[in-house]
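Observations on the three-dimensional arrangement
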Amino acid sequence: MGKVYLTGAGPGDIELMTVKALRVVREADVIIYDRLVNPDILAEAKDGCEFVYVGKEDSHHTLPQEEINEVIYQSALKYENIVRLKGGDPFVFGRGGEEGIYLYERDIKFEFIPGITSAIAVPEYAGIPVTHRGITVSFRVVTGHESSGKDHSQIPWDNYKSDDTIIFLMGLHRLKMICKKLIGIGKPKDYPVAVISRGTRPDEKTVVGTLEDIYEKAKDLPTPALIVVGKVVNLRKQLSWFEKS
Ligand code: SAH
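Keep in mind that this is a model prediction, so the values were computed, not measured.

As a further point, take the packing of aromatic side chains. In total, this model carries nine aromatic pairs according to the counting rule given. Ring geometry for Tyr125 against Phe242: centres 4.8 Å apart, planes inclined by 50°, an arrangement best described as tilted. With Tyr125 in helix α4 (residues 118-125) and Phe242 in the segment after α7 (236-239), this pair connects stretches of sequence that are 117 residues apart. For the pair Tyr125 and Phe242, a shared accessibility class is recorded, and that class is buried. What links up through ring pairs into an aromatic cluster is the set Phe91, Phe110 and Phe112. Arg106 extends its terminal NZ or CZ atom over the ring of Tyr102, reaching a point 3.5 Å from the ring centre.

Attention shifts here to the sheet that holds strand β5 (residues 109-113). The five strands lie next to each other as β3-β2-β4-β1-β5, forming an open sheet whose pairing is parallel. Among the strands making up the open sheet, the edge pair consists of β3 (50-53) and β5. Within the sheet, the average angular offset between the axes of one strand and its neighbour, ignoring direction, is 20°. Summarising the sheet, strand β2 (residues 30-33) and strand β4 (residues 81-86) pair through four bridges and their orientation is parallel. The partner of Ile31 across the bridge, within β4, is Val83.

Before going further, it helps to spend a moment on the domain arrangement of the protein chain. When its domains are assigned, the protein chain resolves into domain 1 (3-113) and domain 2 (118-244). Relative to domain 2, the C-alpha centre of domain 1 lies at a distance of 28 Å. On the domain 2 side, the residues contacting the 11 residues of domain 1 number 15 residues. The contact between domain 1 and domain 2 buries some 1000 Å² in all, and 63% of this surface belongs to carbon and sulfur atoms. The tally of links from domain 1 across to domain 2 stands at zero salt bridges. Across the contact surface, domain 1 and domain 2 share two residue pairs in polar contact (both at pLDDT 80 or more). In the side of domain 1 that touches domain 2, the residues fall into five nonpolar, three polar and three charged.

Along the chain, the position of Asn38 falls in the loop between β2 and β3. The class of Asn38 is buried, set by a relative accessible area of 18%. In contact with Asn38, other than residues within four places in its own chain, are Gly12, Asp13 and Ile14.

Near the ligand you find 19 residues, and of these Val92, Thr117, Ser118, Gly199 and Ala225 are the closest. Gly199 places a main-chain nitrogen or oxygen 2.8 Å from a nitrogen atom of the ligand. A total of 550 Å² of accessible area belongs to the ligand in isolation, and the protein chains cover 96% of it. Of all the secondary-structure elements, those providing two or more residues to the shell around the ligand are α4 and β10 (225-229). Here the shell around the ligand is composed, by residue class, of 11 nonpolar, five polar and three charged. Each of domain 1 (3-113) and domain 2 (118-244) contributes no fewer than three residues to the shell around the ligand.

Rules behind the numbers
Residues numbered from 1 in each chain as written. Predicted model: local features only at pLDDT ≥ 70, side-chain atom pairs only at ≥ 80, totals over all residues. Heavy atoms only, no water. Phe/Tyr/Trp six-rings, centres within 6.5 Å; stacked < 30°, edge-to-face > 60°. Helix = DSSP H or I, 4+ residues; strand = E, 2+ residues; numbered from the N terminus. Buried < 20%, exposed > 50% of the residue type's maximum accessible area, 1.4 Å probe, protein only. Lys NZ or Arg CZ within 6 Å of the ring centre and 35° of its normal. Pairing = 2+ DSSP bridges. Axes fitted to C-alpha atoms, helices over the stretch in contact; angles between N-to-C directions. Domains from an automatic or database assignment. Contact = heavy atoms within 4.5 Å. Buried area = accessible area lost by both parts, 1.4 Å probe. Salt bridge = Lys/Arg side-chain N within 4 Å of Asp/Glu carboxyl O. Polar contact = N/O pair within 3.5 Å; in protein donor to acceptor, adjacent residues only side chain to side chain. Nonpolar A, V, L, I, M, F, W, Y, C, P; charged D, E, K, R; others polar. Near = heavy atom within 4 Å. Areas by Shrake-Rupley, 256 points an atom, 1.4 Å probe, with all protein chains shown as cover.

Below you can see the structure in the form of structure tokens.
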């Protein structure tokens, strides 16, 4: 029986992968990877390494999670070094915990390798710090894609009245609703919002607006994309660097 490395691949730029993740990729007998993983990473694998794509779209899963768990488990019965490569960090809306529990219940050895999460790195590439002294003392990372029915939001909107930075992942298709909710709890209509598409990749694009107009400005951006709500967005004027480099 093999060992499974539940590994974060980082947000896109291949150089934002950890040294440890790169080592296990190079040693892998099989790599099971997602849509958000930069495919260039696979070129680092040794000859004969098997690749299994279990890509997921934002809103629909091409393979249900239960099947992905089973693919990982079956690979562990067959190979020695199994790498489960996931975009960003495995525990930030990555379902890494579910995969770990599935293996635990079947007595398969596993290790987690943290990755640089898009939630922090993508705003950073756009020149937006998630915290900044004198502006905000905390940040929240929230899913914009809720699993329950549309009428029953699991998001505690009333908690979001403060000036915490809010980063929404998987939220582009619900951008209009998110802005409406935030205006509804009392945030000013001109409150700053940024949408960052394909962050840390050569075609990264950032659109800045307000709760009132960001939807019209950003609705057609390609995915993956995330939403940053907060006064830190204004720092982009001084801190933007990636687009200029
Ligand atoms: N585990 C991942 C997040 C998985 S949820 C992580 O830690 O980064 C998938 C969501 O992450 C996408 O819908 C999008 O909102 C965001 N995302 C991932 N990579 C991104 C990128 N390069 N640019 C913008 N958003 C990204």
